[in-house]
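Each chain is listed here by its residues.
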Amino acid sequence: MEKDLKISFKLLIIILIVFLSGLTFLYIINILSKGEILHTYASALPTVILFLLTLFLILYIIIFNVITKPLKKIIEVAREIINGNPKKRVHTFPNDEIGELARTVNKMADCFIKSGSELEKKVTERTKELSSKNKVLEKIKEETLKIIRNIEETETDLEYEKDKMKAILYGMGDGVFVIDKNLKIIIFNSAAEKISGFSEKEILGKKYNEALKFTLEENPTKEEDTFIENIIQNKKEQSTHKDLLITKSGKTINVSNNASAIKDKENKIIGCVVVFRDITKEQQIDRAKTEFVSLASHQLRTPLSSINWYAEMLLAGDAGKLNKEQKQFINEIYAGNQRMVALVNALLNVSRLELGTFMIDPTSIDLKKMAQSVIKELEPGIKEKKLKITSLFDKKLKKINLDSGLTRMIFQNLLSNAIKYTPNKGSVKLTIKEEKKNVLISVSDTGFGIPKDQQDKIFTKLFRASNVREKNTEGTGLGLYIIKSIVENSNGNIYFKSEEKKGTTFFVSLPLSGMQKKFGEKKIA
């Protein structure tokens, strides 16, 4: 009400100002007209004043009812809306500008309610979303903390494992170096420093072949690091070699190398670890042993030859006729001497192979004829055991440049072993076929077979499997070692497949290019 009076008072003042302005205007006109106008209207002045007051009251009532009161209601509703009561409305309003204002205020309130509802909905949804995200964030936080703890524990474990590995590597007596896929050395232990003469600082980060020079024993000028290349190129999982190593000082030493692949989780080659050791002293000792065996064998050959000669003379009756018992004793002496001669010859062959003093003299060989010749030599044993011999030769088989003595020894050893270790009425099969670059010789039997736990020793010196030792079969245990050395010196390969009590098949692969000529003191006997 106080505000309405303020508005009416302001309107009254405006009307009075207008009225006084009119009187002032009349007064000025009167002066200018020398009082004639004022004198004329003096008698009518009370009537004019009364009219003006009545006009003022009418204007006031109109302004209050038509303008002020509706505006007040609109203002009250607007204030209610502003103060958080959007349901408040202006219920009565004229069809004029003030009415339009009232309708606008009501529409604004409706929009406010609608916006508020939508906003509340969005806020609710956003709150739920944020709550869900907060839960996810909390979970992520927990998982992250777990990962951080695991990483810290893993780092601790890795540091421990790294220190342990370092302690093992640096405590080893063998030289060890590790290279990455770019052939750069990343680990070089103290034994490797001692053997090579290079310090760890000098060699780390360099490609291994920039410092470590491995060469062939038979050709020291030719570098030989294929045992590492084969690993990096994924041709082999593991490779073992005996080579020469040129040290920092230029000295050449004999080393035994073993290279193994390092793979990641995806089974990809990421590096290579090489273990090597100085075997100079070992080779000197082995050489001394071999030389002793060679010397002893040579010394034994003379008396054994004499015994053999005299035994043959006695059996031939050169010293008089022998009775049955004497002949039996001489036959035993002769057979025992023959075994001794065979053993001495085998020992001499081993010593020549190991010393590298044997010669290779290749000539054009017909493998089919040579194989048939060896089979004919072994016919007494075949007939005695009633064995079935099958031969299968490739029709396209060509002559090859091979050493006749060495090649014959391969056939003799494989066929005699097959006959020796096959029970009566068994079978032996010989196959020779030509491949792209090699000729493949295979000898199969239905014999005793090789026990699985002893197969890795079959090519070692003086080894004989336990199941054949029980059968009291003759043998020196050197034959397979000798032919393996012969085959490998000819750039060939020898391997086998065997199952105990079912039989064995030996395979020998020789290059069609033949054997390379080699000068030496003696041929393999």
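Here the structure is a predicted model, which is why all the values come from computation and not from measurement.

Conventions we followed
- Residues numbered from 1 in each chain as written.
- Predicted model: local features only at pLDDT ≥ 70, side-chain atom pairs only at ≥ 80, totals over all residues.
- Heavy atoms only, no water.
- Helix = DSSP H or I, 4+ residues; strand = E, 2+ residues; numbered from the N terminus.
- Contact = heavy atoms within 4.5 Å.
- Areas by Shrake-Rupley, 256 points an atom, 1.4 Å probe, with all protein chains shown as cover.
- Phe/Tyr/Trp six-rings, centres within 6.5 Å; stacked < 30°, edge-to-face > 60°.
- Buried < 20%, exposed > 50% of the residue type's maximum accessible area, 1.4 Å probe, protein only.
- Core = buried A, V, L, I, M, F, W, Y, C linked by side-chain atoms within 4.5 Å.
- Pairing = 2+ DSSP bridges.
- Axes fitted to C-alpha atoms, helices over the stretch in contact; angles between N-to-C directions.
- Left-handed = near helix turned anticlockwise from the far one by under 90°.
- Nonpolar A, V, L, I, M, F, W, Y, C, P; charged D, E, K, R; others polar.
- Polar contact = N/O pair within 3.5 Å; in protein donor to acceptor, adjacent residues only side chain to side chain.
- Parallel < 35°, antiparallel > 145°, perpendicular 65-115°, else oblique.
- Expected span 1.5 Å × (residues − 1).

The next point concerns the overall build of the chain. Helices and strands together make up the secondary structure of the chain, namely 15 helices and 13 strands. Counting only contacts in the chain whose residues sit at least 6 apart along the sequence, the fraction spanning at least 24 positions is 60%. With the model as given, the accessible surface of the chain reaches about 34200 Å², and the carbon-plus-sulfur share is 57%.

So, on to the packing of aromatic side chains. Scanning all chains against the criterion turns up 9 aromatic pairs. Aromatic pair Phe177 and Tyr208: ring centres 6.5 Å apart, planes at 20 degrees, arrangement stacked. Of this pair, Phe177 sits in strand β1 (residues 175-180) while Tyr208 sits in helix α7 (residues 208-211), and the two are 31 residues apart along the sequence. One exposure class covers both Phe177 and Tyr208, and it is buried. When the ring of Phe214 is compared with that of Phe276, the centres are 6.4 Å apart and the planes differ by 85 degrees; the resulting orientation is edge-to-face. Highlighted residues: Phe214 in strand β3 (residues 213-215) and Phe276 in strand β6 (residues 269-278), separated in sequence by 62 residues. A relative accessible area of 2% places Phe214 in the buried class.

Turning next to the nonpolar core. Generally speaking, a soluble globular protein has its nonpolar side chains buried in company with each other. Ranked by internal contacts, the top residues of the largest apolar core, which has 52 residues, are Leu367, Phe411, Leu430 and Ile432. Tallying contributions element by element places helix α13 (residues 404-420) first for this core, with 8 residues. Once residues within four sequence positions are removed from consideration, Leu367 is found in contact with Leu397, Ile400, Leu402, Thr407, Phe411, Ile432 and Val439. The next biggest cluster of nonpolar side chains, apart from the first, holds 22 residues, and it includes Leu212, Phe214, Ile228 and Phe276.

A few words on the sheet that holds strand β11 (residues 438-445). In spatial order, the strands read β8-β10-β11-β13-β12; together these 5 strands make up an open sheet with mixed pairing. In the strand order of this sheet, the two ends are held by β8 (388-393) and β12 (493-499), each with one partner. On average, adjacent strands in this sheet sit at an angle of 10 degrees to one another, irrespective of strand direction. When β11 meets strand β13 (residues 503-511), the two strands line up antiparallel, connected through 7 bridges. Counted as the bridge partner of Leu440 is Ser509 from β13. Of the strands in this sheet, β8, β10 (427-434) and β11 are in contact with helix α11 (residues 367-377), which crosses β8 at around 170 degrees.

Here we take up the sheet that holds strand β5 (residues 252-263). Taken in spatial order, the 6 strands make up an open sheet running β2-β1-β6-β5-β4-β3, and their pairing is antiparallel. Since the sheet does not close on itself, it has two edges, and those belong to β2 (185-188) and β3, each with one partner. Taking the axes of each pair of neighbouring strands and ignoring which way they run, one obtains an average angle of 35 degrees across the sheet. In this sheet, strand β4 (residues 238-246) lies alongside β3 in antiparallel orientation, the contact comprising 3 bridges. By the bridge assignment, Lys213 is partnered in β4 with Ile246.

Axis separation between α13 and helix α15 (residues 479-489) bottoms out at 10 Å; the angle between their running directions is 145 degrees. Crossing hand, α13 versus α15: left-handed. Contacts from Leu406, Met409, Ile410, Asn413, Leu414 and Asn417 in α13 reach Gly479, Leu480, Ile482, Ile483, Ile486 and Val487 in α15. Split by residue class, the contact of α13 with α15 holds 9 nonpolar, 3 polar and no charged.

This part covers the side chain of Ser196. Here Ser196 is to be found in helix α5 (residues 190-196). In this structure the side chain of Ser196 is engaged in a polar contact, spanning 3.2 Å, whose partner is the backbone nitrogen of Phe198. Beyond its immediate stretch of four places on either side in the chain, Ser196 contacts Phe188, Leu212, Thr247 and Lys248.

Here we come to the pairing of β5. Bridge count between β4 and β5: 9 bridges; the pairing is antiparallel. Bridge pairing in β5 links Leu244 to Asn254. Hairpin remark: β4 followed by β5, antiparallel, with 5 residues in the connecting loop; positive phi at Gly250, about 95 degrees. Strand direction decides the pairing type here: β5 and β6, joined by 9 bridges, are antiparallel. Following the sheet pairing, Asn257 is matched in β6 by Phe276.

A few words now on the packing of α11 against α13. Helix packing geometry: the angle between the two helix axes and the distance between the axes. The geometry of α11 relative to α13 is characterised by a closest axis approach of 10 Å and an angle of 50 degrees between their N-to-C directions. In terms of axis orientation, α11 runs oblique to α13. α13 is crossed by α11, and the crossing has right-handed handedness. Residues Leu367, Met370, Ala371, Ser373, Val374, Ile375 and Glu377 of α11 touch α13, and the partners they reach there are Ser404, Thr407, Arg408, Phe411, Gln412 and Leu415.

All right, on to the pairing of β6 then. For β1 and β6, the ladder comprises 6 bridges, and the chain directions are antiparallel. By the bridge assignment, Gly175 is partnered in β6 with Phe276. In this structure, the hairpin formed by β5 and β6 is closed by a connection of 5 residues, where Asn267 is found at a positive phi of approximately 65 degrees.

Here we take up α13. The end-to-end C-alpha separation of α13 is 23 Å, in line with the 24 Å expected for 17 residues at 1.5 Å each. Those residues of α13 that sit buried are Leu406, Thr407, Met409, Ile410, Phe411, Asn413, Leu414, Leu415, Asn417, Ala418 and Ile419. The opening residue of α13 is Asp403, an N-cap whose side-chain oxygen sits 3.0 Å from the backbone nitrogen of Gly405.

Turning our attention to the side chain of Thr505. Relative to the assigned elements, Thr505 resides in strand β13. Overall, the relative accessible area of 17% leaves Thr505 in the buried class.

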